[in-house]
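Chain by chain, the residues:
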Amino acid sequence: MSWDESVITHYPNYNILNLADEWDSYTKEIVLKRLGPFSAPEYFSEWETSTLKAIVKNIVFDNRDNIIDWIVFHLDSKMTSEIGENQRKIGIPPEDVLVREGISVIDRIARSKFAKSFTDLEEDEQFKIISSLQLGQLPPIREWSRIPQKDLFSKFLLEIVAAYYSHPEVWSEIGYGGPAYPRGYVRTEYGLTDPWEARGDGK
Amino acid sequence: MENKDFIKHNCDHYEGSRLNHLNNRKYGDIEVDVCIVGAGAAGSLLAYELGKAGMKVVVIEAGPFWNPQTDFASDELSMKNLAWNDTRLVSGKDPISMGHNNSGRGVGGGTVHFTGVFFRFHESDFKVRTLDGVAEDWPINYNDLKPYYDKVENQIKVSGPREFPWGPFRGPYPYPEREPISANAEVFREGCEALGIKSTVAPLAILSAPFDGRPPCINRGFCNQGCLPNAKFSALIHYVPKAIKHGVEILSDCMVTRVLTNPTGGSVTGVEFVHDGRNYRQMAKVVILSNFVVETPRLLLNSATSSHSQGLANSSGLVGKYIMPHSGHDMYAKFQNEIRLYKGTPVLAVSQDFYETDRTRGFVRGYTFNAHGSRPVEMAMGLANAGIWGKQLRQVMMDFNFYARITLVGEVLPIVNNSVTLSEEKDEYGLPRALVTFSYSDNDNKLIAHGVAKANEILKAAGGEPAFVVPDTAHLMGGCRMGNDPQTSVVNSFCQSHDIPNLYICSASVFVTSGGANPTETVMAIASRTADHLINRMNKGRLGKSDEVKGRTMEKVTR
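Visitor: Tell me what's going on with the pairing of strand β12 (residues 330-334) of chain B, and back it up with residues and numbers.
Guide: Residue and element names in this part refer to chain B. Most of β12 sits out of view: four of its five residues are buried. Bridge count between β12 and strand β15 (residues 403-410): five bridges; the pairing is antiparallel. What sits directly across from A333, in β15, is A404. Pairing of β12 with strand β18 (residues 465-470) involves five bridges; the strand directions are antiparallel. Considered in β18, the bridge of A333 is made with P466.

And the structure:
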């Protein structure tokens, strides 16, 4: 895929993981676990997992398997967690049901529209389905009355984006200084950086 | 995550003891003077003041007793657990995002993850009806709270400017203003200056110099993820340890499920709570609900009895009504050079130039601007909420370091239909989940439009290119509003319920209007005033007794 070529980092020489020894041990433990390896999904079936991976790739516009695996692991843990979902619009099913049925209905749309499973579609076909989901413009089928398209899209989007921007490789790319305890940030004013922070090209 | 915290599993805390069971309670078998539900900004302060005055106090908190050193991490995703994550059902035209935006779970409540921006309300906030002909006046005015604003600011050593440009309090603050400020705060102030808008360094409940064994801020930037160095005030590290020294017992991981009443329903006798699947009771002469805008109405409605069939303290029918968030839209602009939103205390500069009503703007009331830093998850989720994803989100986030942000804290007018009610769905305790309904009014939307346009002007004047507006809300207030008239309010000006004299509600729930500024200082000033009131009543031997409330609260409402 050509996905990575249209997004260019300002900080090609920056790797936030080189700073990990400066972090407090609890933070370090949490962040390094995102590098894997990950246990097999407990909630999602094998088929659901591969469909979900394809959905995730479209949402984050990235196909690096190590990052996608972390996101799927995060989603899988969330589905089985006893922690609540903060808010849920009245009439929408709980998130584990919403996501599971959502995966299945997206695949059904792919099969009816292109006669292929969602994972077998070309990138642009997958993208068409996901972007129609955002706008609530997928073909009218009975399931949407229970799983409203926009709410499904929004659930996928927010959980996936939260996990993606929690991956240290993505932090490196965007030049995020990241965890800074115990040392803190000393040079915070406009134009100043601490010596260990990301430096842009040619600076 | 692996749990390495030796304190987290303890649920019973009092001077000399931290226990992981409820078998050695300090006050388990006796009727205490005061039982407080919720150990947040209000509940913890009340516990400290009342304990210091010699009362027997138990605080019951649903969440854990955090240990910052072992429970907090410099990480946005994992620290979402500081919020009240229990599912609330939401509806209305503008359903509210619950959790991190407005509530906390665990000892310290929302103060554990608040931004620390510490504003007083202005005089006009207490008389919106009189001045603007909308909403309702408070039964108190600025001067009633002034001594308590002073007291709270001094107790926790608020840092801020020597001269504050707006409202009745013009500084100085107890501790000097923060220096240096972040690049995001700098460009905000430059933009303001170019347009003739006054701005200042933010007043903050964050130390600028050592105090009470705590160090000044190190600009780590994770105020919303729990402060690791303890430079930011939270009730967890300030009031709660002091309350424990004064004899208060704190129960954590204990969910209050019912307020108990005597057979006639004329008074409350205590509360029922659940720990580890078992039911317990705490008897008390006075019960104070400080469990926030959603859980307080939910608990009152779930505590209905035959004599209080529509819920406790609800003869007015207004329990759960008139809830208000702040409109909290985020305006992002892209700059030529790096801003690095992640660095330093999130809010270091503010403006209240648009706080008061200006009829020429076409709406009443106003707002505060906070120059507001961000870490990547918050920014990316905000953009996602605004409909940006895929390639565009990835490209925008590659320029993460080049964005600046201003956040609106806009007043939202109270509307009766914006409410907390009970839904059909049950939670793990078998209690109906809260249904939170919210829609902006016309005035709210006009105010937002003005704030968005003005923030973009500021960003542009600073050299930025306005790029994204992310609709959001922050804070939550109202639902058990105070007032003089029992027919149009739930509690009196001392937070005592009109219906049941020994039942108090003390939190942002009692707000009559939302103001256009971060609310925590006002919550704490109200709690401090309520503490004085209860101490006076105790000294007169009238604690929790039914009698006429003296003074202005019994004055007839005249309009």
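Visitor: Go over the state of the cysteines with me, naming the residues and quoting the values.
Guide: Under the defined criterion, the tally for this structure stands at zero disulfides over all chains. The thiol of C495 of chain B is not disulfide-bonded; the next cysteine sulfur, from C506 of chain B, is found 4.1 Å away.

Visitor: Before we move on, could you go through the packing of helix α2 (residues 46-60) of chain A against helix α3 (residues 65-80) of chain A and cite the residues and values that matter?
Guide: Residue and element names in this part refer to chain A. One way to put it is that α2 packs onto α3 with a least axis distance of 10 Å and a crossing angle of 115 degrees. Between α2 and α3, the crossing angle belongs to the class labelled roughly perpendicular. Considering how the two elements wind past one another, α2 and α3 form a crossing that is right-handed. Taking contact as the criterion, the partners of T49, L52, K53, V56, K57 and V60 in α2 are, on α3, D65, I68, D69, I71, V72 and L75. Here the residues of the contact of α2 with α3 sort into seven nonpolar, one polar and four charged.

Visitor: Now, about the packing of α2 of chain A against helix α5 (residues 123-135) of chain A: what can you tell me, with residues and values included?
Guide: All names here are of chain A. In the contact formed by α2 and α5, the axes pass within 10 Å of each other and the chain directions differ by 80 degrees. Taken as axis vectors, α2 and α5 run roughly perpendicular relative to one another. Here α2 contributes A54, I55, N58 and I59 to the contact with α5, which in turn contributes E123, Q126, F127 and I130.

Visitor: Any chance you could break down the pattern of salt bridges for me, citing the residues and the numbers?
Guide: Under the definition given, this model contains 51 salt bridges over all chains. In this structure, R340 of chain B engages E197 of chain A in a salt bridge whose closest nitrogen and oxygen atoms are separated by 3.8 Å. Here R340 of chain B is found in the loop between β12 and β13 (347-351), whereas its partner E197 of chain A is found in the segment after α7 (168-174) on a different chain. Across the pair, E197 of chain A and R340 of chain B agree in class, each one buried. A salt bridge links R120 of chain B to E521 of chain B; the nearest nitrogen and oxygen atoms lie 4.0 Å apart. Highlighted residues: R120 of chain B in the loop between β5 (88-91) and α3 (128-132) and E521 of chain B in helix α11 (residues 520-539), separated in sequence by 401 residues. The class for R120 of chain B is buried, based on a relative accessible area of 5%.

Conventions we followed
Residues numbered from 1 in each chain as written. Chains lettered and ligands numbered in written order. Predicted model: local features only at pLDDT ≥ 70, side-chain atom pairs only at ≥ 80, totals over all residues. Heavy atoms only, no water. Buried < 20%, exposed > 50% of the residue type's maximum accessible area, 1.4 Å probe, protein only. Helix = DSSP H or I, 4+ residues; strand = E, 2+ residues; numbered from the N terminus. Pairing = 2+ DSSP bridges. Disulfide = S-S within 2.5 Å. Axes fitted to C-alpha atoms, helices over the stretch in contact; angles between N-to-C directions. Parallel < 35°, antiparallel > 145°, perpendicular 65-115°, else oblique. Left-handed = near helix turned anticlockwise from the far one by under 90°. Contact = heavy atoms within 4.5 Å. Nonpolar A, V, L, I, M, F, W, Y, C, P; charged D, E, K, R; others polar. Salt bridge = Lys/Arg side-chain N within 4 Å of Asp/Glu carboxyl O.

Interpretation note: all reported values are geometric properties and have no functional meaning in isolation.
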